[in-house]
Amino acid sequence: MAAVENVTGRMPSFDPYERGCPSRDLLDQIGSKWAVLVLGELGRNGTSRFGQLRQALAGVSEKMLTQTLRTLERDGLVSRTVYPEVPPHVEYELTALGQTLREPLKALTEWSVLHIEEVITAREEYDDRTERTR
């Protein structure tokens, strides 16, 4: 990893195109289907309980949602608050760092909705071409 000079001294320069760069791992984490959807749901609706997230994200398994939330919490994007009640009451919300992802993820979501028909057409054309060459 290279280092660059700035006014406060040397600081690491991260390049996700280089093997071993931690920013590559972060891109992998926040770019996963469930992470994008969890971050989007928390961004749209604010604080949510596990069951609310699971219901809002049709198709996610309990295990995958738990794994995704733990990863996002570890990365500092989501906070988990446990209330000492019986049964335990747990809530998840975006941290200040997680809030900074709202606009980029919203843009990606809007792009996917706007262009899905073109992508479906491209997939069908590709499948037709490759089917004929088999």
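Given the structure is predicted, the values throughout are model-derived calculations rather than measurements.

Reading the values: the criteria
Residues numbered from 1 in each chain as written. Predicted model: local features only at pLDDT ≥ 70, side-chain atom pairs only at ≥ 80, totals over all residues. Heavy atoms only, no water. Helix = DSSP H or I, 4+ residues; strand = E, 2+ residues; numbered from the N terminus. Rg over C-alpha atoms; globule rule 2.2 N^0.38 Å. Buried < 20%, exposed > 50% of the residue type's maximum accessible area, 1.4 Å probe, protein only. Contact = heavy atoms within 4.5 Å. Pairing = 2+ DSSP bridges. Salt bridge = Lys/Arg side-chain N within 4 Å of Asp/Glu carboxyl O.

**A short note on the overall build of the chain**
When you go through the chain residue by residue, the secondary structure sums to 6 helices and 5 strands. Helices and strands appear in the chain in the N-to-C order β-β-α-α-β-α-α-β-β-α-α. A globule of 134 residues ought to have a C-alpha radius of gyration of about 14 Å, yet the chain, at 19 Å, is considerably larger. If one aligns the C-alpha atoms of the chain with their principal axes, the spans along those axes are about 60 × 50 × 25 Å. Burial analysis of the chain (134 residues in total) assigns 22% to the buried set. Put simply, 37% of the contacts in the chain that link residues at least 6 apart link residues at least 24 apart.

**What to know about the pairing of strand β5 (residues 89-94)**
Bridging between strand β3 (residues 48-49) and β5 involves 2 bridges; their strand directions are antiparallel. Looking across to β5, one finds that Ser48 is bridged to Tyr92. In terms of strand pairing, strand β4 (residues 78-83) meets β5 through 6 bridges, oriented antiparallel. By the bridge assignment, Val82 is partnered in β5 with Val90. Hairpin geometry of β4 and β5 is characterised by an intervening segment of 5 residues between the two adjacent antiparallel strands.

**Quick notes on the pattern of salt bridges**
A complete count under the given rule lists 3 salt bridges for this structure. Two residues, Glu41 and Arg44, come together in a salt bridge whose shortest N-O distance is 2.8 Å. Of this pair, Glu41 and Arg44 both sit in helix α2 (residues 33-45), separated by 3 residues, roughly a single helical turn. Exposure remark for Glu41: the relative accessible area of 8% places this residue in the buried category. Arg54 serves as the salt-bridge partner of Glu62, at 3.7 Å between the closest nitrogen and oxygen. Exposure remark for Glu62: the relative accessible area of 47% places this residue in the partly exposed category.

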